[in-house]
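What the coordinates show
Each chain is listed here by its residues.
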Amino acid sequence: ELARLQQAVLHDSAAALSTLEQAATAVRDPEDAALLLYRAGKLCESALQDSSRARGYWQLAAADYPATVYGRKSAKCCL
């Protein structure tokens, strides 16, 4: 939620991305970590216009969490 506020209210994409990165390393649930990495990729793609960096987050989610919904969804984004 903090990342959403940083993006939507404060219009600070860099802070939102940093929050997503930190949260992905802090959560214990693989599904949550994969979701956060997926969202980081989407943020890079849309707000930061950095498709290469987005692919990096999706590749990480796909490689580290292949059995999760967002790990599989991230793998499709990497194609």
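See above for the structure.
Here the structure is a predicted model, which means the values were calculated and not measured.

Comments concerning the nonpolar core
Core analysis: the biggest nonpolar cluster contains 15 residues, and Leu17, Leu20, Leu37, Ala40, Leu43, Cys44 and Tyr57 have the highest contact counts within it. Of all the elements in the fold, those that place two or more residues in this core are helix H2 (13-26), helix H3 (30-46) and helix H4 (51-64). A per-element tally of this core places H3 first, with 6 residues. The residues contacting Tyr57, other than those within four sequence positions of it, are Leu17, Glu21, Leu37, Ala40, Gly41 and Cys44.

Re a nonpolar patch on the surface
A cluster of nonpolar side chains, contributed by Leu5, Val9 and Leu10, occupies part of the molecular surface with about 320 Å² of accessible area. Here Leu10 lies in the loop between helix H1 (2-8) and H2. On the basis of relative accessible area, Leu10 is assigned to the exposed category, the value being 61%.

Section: the packing of aromatic side chains
For the coordinates displayed, the defined rule picks out 1 aromatic pair. Seen in terms of ring centroids, Tyr38 and Tyr70 are 5.2 Å apart; in terms of plane orientation they differ by 50°. Their pairing is tilted. Placement of the pair is Tyr38 in helix H3 and Tyr70 in helix H5 (residues 69-77), with a sequence separation of 32 residues. Take Tyr38: its relative accessible area is 11%, and that puts it in the buried class. A residue is classified by how much of its surface remains accessible, and Tyr70, at 24% relative accessible area, is partly exposed.

Structural notes on the side chain of Thr19
Residue placement: Thr19 occurs in helix H2. Among residues more than four places away in sequence, those in contact with Thr19 are Leu2, Ala3 and Gln6.

Brief notes about the packing of H3 against H5
Packed helix pairs are specified by the crossing angle of their axes together with the interaxial distance, meaning the distance between the axes. At a minimum axis distance of 7 Å, the contact between H3 and H5 shows a crossing angle of 30°. When the axes of H3 and H5 are compared, the pair comes out roughly parallel. Two secondary-structure elements touch here, H3 through Glu31, Ala34, Leu35 and Tyr38 and H5 through Val69, Tyr70, Gly71, Lys73, Ser74 and Cys77. Looking at the contact of H3 with H5 residue by residue, the class counts come to 6 nonpolar, 2 polar and 2 charged.

Here's the deal with unusual backbone geometry
Outside of glycine, negative phi angles account for most residues, and trans bonds account for most peptide bonds. Positive phi values are uncommon outside glycine, yet His11 reaches one of about 55°. Mapped onto the elements, His11 comes out in the loop between H1 and H2. The class of His11 is exposed, set by a relative accessible area of 64%.

Each value, and the rule that gives it
- Residues numbered from 1 in each chain as written.
- Predicted model: local features only at pLDDT ≥ 70, side-chain atom pairs only at ≥ 80, totals over all residues.
- Heavy atoms only, no water.
- Core = buried A, V, L, I, M, F, W, Y, C linked by side-chain atoms within 4.5 Å.
- Buried < 20%, exposed > 50% of the residue type's maximum accessible area, 1.4 Å probe, protein only.
- Helix = DSSP H or I, 4+ residues; strand = E, 2+ residues; numbered from the N terminus.
- Contact = heavy atoms within 4.5 Å.
- Patch = residues over 30% accessible without salt bridge, like charges linked within 9 Å, V, L, I, M, F, W, Y side chains within 5 Å.
- Areas by Shrake-Rupley, 256 points an atom, 1.4 Å probe, with all protein chains shown as cover.
- Salt bridge = Lys/Arg side-chain N within 4 Å of Asp/Glu carboxyl O.
- Phe/Tyr/Trp six-rings, centres within 6.5 Å; stacked < 30°, edge-to-face > 60°.
- Axes fitted to C-alpha atoms, helices over the stretch in contact; angles between N-to-C directions.
- Parallel < 35°, antiparallel > 145°, perpendicular 65-115°, else oblique.
- Nonpolar A, V, L, I, M, F, W, Y, C, P; charged D, E, K, R; others polar.

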